[in-house]
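Here is what each chain is made of, one letter per residue.
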Amino acid sequence: MRPSPSAPAGAANRASSRAEGGSEGRAVSPPRAAGACNGRRPRRIRGVAGRGSGSAGTRRNARCPPSLLFYKMLGFLQRPVVVTADINLNIVALTAVGLLSRLWRLAYPRAVVFDEVYYGQYISFYMKRIFFLDGSGPPFGHMLLALGGYLGGFDGNFLWNRIGAEYSSNVPVWSLRLLPALAGALSVPMAYQILWELRFSHCAAMGAALLMLIENALITQSRLMLLESVLIFFNLLAVLSYLKFSNSQKHSRVPPADPERARRRVASACIRAVLGELFPALLSALPRPFSPSWWFWLALTGVACSCAVGIKYMGVFTYLLVLGVAGVHAWHLIGDQTLSNVCVLCHLLARAVALLVIPVIMYLLFFYVHLVLLCRSGPHDQIMSSAFQASLEGGLARITQGQPLEVAYGSQVTLRNVFGKPVPCWLHSHQNTYPMIYENGRGSSHQQQVTCYPFKDVNNWWIVKDPGRHQLVVNDPPRPVRHGDVVQLVHGMTTRFLNTHDVAAPLSPHSQEVSCYIDYNISMPAQNLWRLEIVNRESSTDVWKTILSEVRFVHVNTSAILKLSGAHLPDWGFRQLEVVGEKLSPGYHESMVWNVEEHRYGKSQEQKEREVELHSPTQMDLSRNLSFMARFSELQWRMLTVRSDDSEHKYSSTPLDWVTLDTNIAYWLHPTTSAQIHLLGNIVIWASASLATVVYTLLLFWYLLRRRRNICDLPEDSWLRWVLAGALCAGGWAVNYLPFFMMEKTLFLYHYLPALTFQILLLPVVLQHVSDHLCRSQLQRSLFSALVVAWYSCACHVFNTLCPLTYGDKSLSPSELRALRWKDSWDILIRKH
């Protein structure tokens, strides 16, 4: 129908709207919309998303009266909302069997198994809100384990002192092991989905999931209070989320005639048609790639990556892998000439926010929750700075509560070395002197010893004295000490001055000896003036502050800097730490930096009264808080630099031992029977996965060489799928395995499990590729399929044979245990009766 030239503009618009109803959506008149809910079948909305101009839609709706828009919305809301759900029974079945394999008799054994002895301690600290420091990784994984304890009602009262100790009745073993078991169970259907999103066949996807299901080492690790299964879960979730995000902006892999695909497109078109009726401007401004599902999977990728890093630092390997794949895709996106510059910029910004900003925010959030929960002083405080310790309840905070903030002349202070290595210690002196002659024949000054003492003691107190005055008390009002001031440090209990001179230190002959000066009436005058330098000052007139200021003491006569050498003195020095004057110090080092930890204003001029005063606590009230970023920065630095125990372990191994499964770990042994749990992999799966990695690498190089000669053995879509699968699966194995060759730490077999997971995903990829592209005839494919079935049967047989060592629920005889020792390097425990 064409409107006449003399028709009003509104009639022309209505006619135009009816003419375009097939593409923009049919208009609903108010009476029809109002009566649509009177027991009638809901009317379907026809429309195809993406057609028409956004500006045109805006102009049409701008001319519609508000009442018409109201009736349109009312008509849409009065229709029944029907929700249909697609349920993949394969995923349901895989989830069910995964849960069964991981949750079956989860509370057995009711005893501490291997590294549960360490993680259990951290859970108890969380339950009691006591601060701790673990250098193995960020706190998110520990918090997840503690969540299980919290849900189970654990009060934290258990002594985690030895492997094999029986759990008391107050320990909810099932709840504590639940989250790792759930993570391990959900990794099974996730493997299926990853292969499916990579556009491989249903058989290949099922094969990957079933291999994850029957891998003995993965089952063992996920059934205990350990973090590897949780790390693997978030690694796989990050890869799966990115694949779903990447595929959400591409055409579906099913053929156009597929009824399922057609139904989904109709549903999507209906939704976009309704949005087009209600919010046409918004719909026209929202390109298809920026749909809600697109944003969801992109954001979930960043969240999963941050969770993986937050569990263990090993998670950063998978994070870098995802970033690398996303970077390649973004590079191709930039070269897409069909996209405008603004659209490309929006794509890049969206990826930057989701893959860079969100992980950083999540990482900070983990530490924020960690520090909020752990607000009480504990056994790990000593490694932290005085300011950090003072921010915790109890401990140093109890001791330093109410201390004066500004250090003044006459102040009584204890000086803690900021470096804190090899142990935290305080500047100390006592009545004993340096020996006249050292063991190596060198002479000393025979002055009073000055050391660094790792325990709180009354001999750690010093008095800050003004060189121009004799008094050792604080004036009223106090005169604060500022940056650049020259001071003298008087030992509180002996009243001798901190001194250094051109005499070699006892253990560091290139540095000067530091002592408290004793006047022997010889030609060695006192040199006891020190210039104060505030390292973290904001201006040249900064005041020396308790706990907050980090200071250096520079000797006025020799320019030597008071420094902790870290060497332990011999028996004559009571094995305390050596303090020296470092003359050759062009750079800054924390061993030269000190801070005031305990502080009071001195009031007694007489020595006897002063000694009583040094033993008395302060009473002034002054609170002091440390910002979250300052606490986070310090805690993160300590976690990265804390020295872990690198001693050799009975079950430690090398990365080369992992690939060939030449090692195992005995996790637990029943106290009376031969029942035992071992971390021992399915040797068929491990060997096959390694072989698949080699085959993939060789085939990839072969195809690259052939393509260099313009010989394309694979169709383009198959080639891209083959490369992407290799980048994620083979690349995931490489980035999670090869870095261990460069690590100087004690390594165990469980460190290989994240890399093994990616190898297992690669194995069905190679098998399908061989069947589809290397088997030339149907007979060859049939024979190859039969070999695959026989191979998987062998893997199932190995799984069943090793089950007693996986679950530890069956006591085997010595002969049966010897029969399971398939390699001489395997340590199977056999009791000697």
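The structure contained in this document is the topic of the report that follows. (Residues numbered from 1 in each chain as written. Predicted model: local features only at pLDDT ≥ 70, side-chain atom pairs only at ≥ 80, totals over all residues. Heavy atoms only, no water.)

A few words now on the packing of helix α13 (residues 228–247) against helix α16 (residues 292–311). Remark: α13 packs on α16, axes separated minimally by 8 Å, with the N-to-C direction vectors making an angle of 160°. Comparing their axes, α16 and α13 come out roughly antiparallel. With respect to the hand of their crossing, α13 and α16 are arranged in left-handed fashion. In contact with V230, L231, F234, N235, L237, A238, S241, Y242, K244 and F245 of α13, α16 contributes W294, W297, L298, L300, T301, A304, C305, C307, A308 and I311. Classifying every residue of the contact of α13 with α16 by side-chain character gives 16 nonpolar, three polar and one charged. (Axes fitted to C-alpha atoms, helices over the stretch in contact; angles between N-to-C directions. Helix = DSSP H or I, 4+ residues; strand = E, 2+ residues; numbered from the N terminus. Parallel < 35°, antiparallel > 145°, perpendicular 65-115°, else oblique. Left-handed = near helix turned anticlockwise from the far one by under 90°. Contact = heavy atoms within 4.5 Å. Nonpolar A, V, L, I, M, F, W, Y, C, P; charged D, E, K, R; others polar.)

A word on the pairing of strand β9 (residues 551–555). Moving residue by residue along a regular strand, the side chains alternate between the two faces of the sheet. Summarising burial for β9: five of the five residues are buried, a large majority. Residue alternation in β9 divides its side chains into two sets, V551, F553 and H555 and R552 and V554, and both sets are buried. Sheet analysis places strand β8 (residues 530–534) next to β9, joined by five bridges and oriented antiparallel. Within β9, the residue paired with W530 across the bridge is H555. (Buried < 20%, exposed > 50% of the residue type's maximum accessible area, 1.4 Å probe, protein only. Pairing = 2+ DSSP bridges.)

On to empty space enclosed by the protein, then. With the rule as written, the count across this model stands at six cavities of 30 Å³ or more. Put simply, the largest cavity is a space of about 70 Å³. Every residue along the wall of the largest cavity is listed here: R102, A183, G184, S187, M212, L218, Q221, S222, E228, S229, I232 and L753. Within the residue set of the lining of the largest cavity, elements represented by two or more residues are α10 (178–197), α12 (216–222) and α13. Its residues placed into classes, the lining of the largest cavity shows five nonpolar, five polar and two charged. (1 Å grid on protein atoms, 1.4 Å probe; cavity = no way out; pocket = protein on both sides within 12 Å on 5 of 7 lines; lining within 4 Å. Points joined across faces, edges and corners; volume = space filled by probe spheres on them.)

Here the residue pair Y108 and P109 is connected by a cis peptide bond, since its omega of 0° sits within 30 degrees of zero. Looking at the secondary structure, you find P109 in the loop between α6 (89–103) and α7 (116–128). Following D476, the chain continues into P477 via a peptide bond in cis, with omega recorded as 5°. Here P477 shows up in the loop between β4 (461–465) and β5 (486–491). Positioned with a positive phi, H446 is a non-glycine residue whose angle comes to about 60°. Mapped onto the secondary structure, H446 falls in the loop between β2 (426–433) and β3 (448–453). The phi angle at R575 is positive, at roughly 60°, despite the residue not being glycine. The residue R575 is located in the loop between β10 (561–568) and β11 (577–582) in this model.

Where helix α17 (residues 315–334) meets helix α18 (residues 341–373), the axes come as close as 10 Å, and the angle between the chain directions of the two elements is 170°. On the basis of the axis angle, α17 is roughly antiparallel to α18. Judged by residue contacts, Y319, L323, A326, A330, L333 and I334 of α17 engage V344, H347, L348, R351, L355, L356 and P359 from α18. Residues that form the contact of α17 with α18 fall into these classes: eleven nonpolar, one polar and one charged.

Moving on, we get to a nonpolar patch on the surface. A surface patch of nonpolar side chains, about 390 Å² in accessible area, is lined by L365, Y368, V369, V372 and L373. Mapping Y368 onto the fold places it in helix α18. (Patch = residues over 30% accessible without salt bridge, like charges linked within 9 Å, V, L, I, M, F, W, Y side chains within 5 Å. Areas by Shrake-Rupley, 256 points an atom, 1.4 Å probe, with all protein chains shown as cover. Salt bridge = Lys/Arg side-chain N within 4 Å of Asp/Glu carboxyl O.)

We now examine the state of the cysteines. One pass over the full model with this rule turns up one disulfide. Across a sulfur-sulfur distance of 2.2 Å, C425 and C452 are joined as a disulfide pair. Torsion about the S-S bond of the C425 and C452 cystine: about 90°, corresponding to right-handed handedness. Within this pair, whereas C425 is found in the loop between β1 (411–417) and β2, its partner C452 is found in strand β3, the two being separated by 27 residues in sequence. Residue C452 is classed as buried on the basis of its relative accessible area, which comes to 0%. (Disulfide = S-S within 2.5 Å.)

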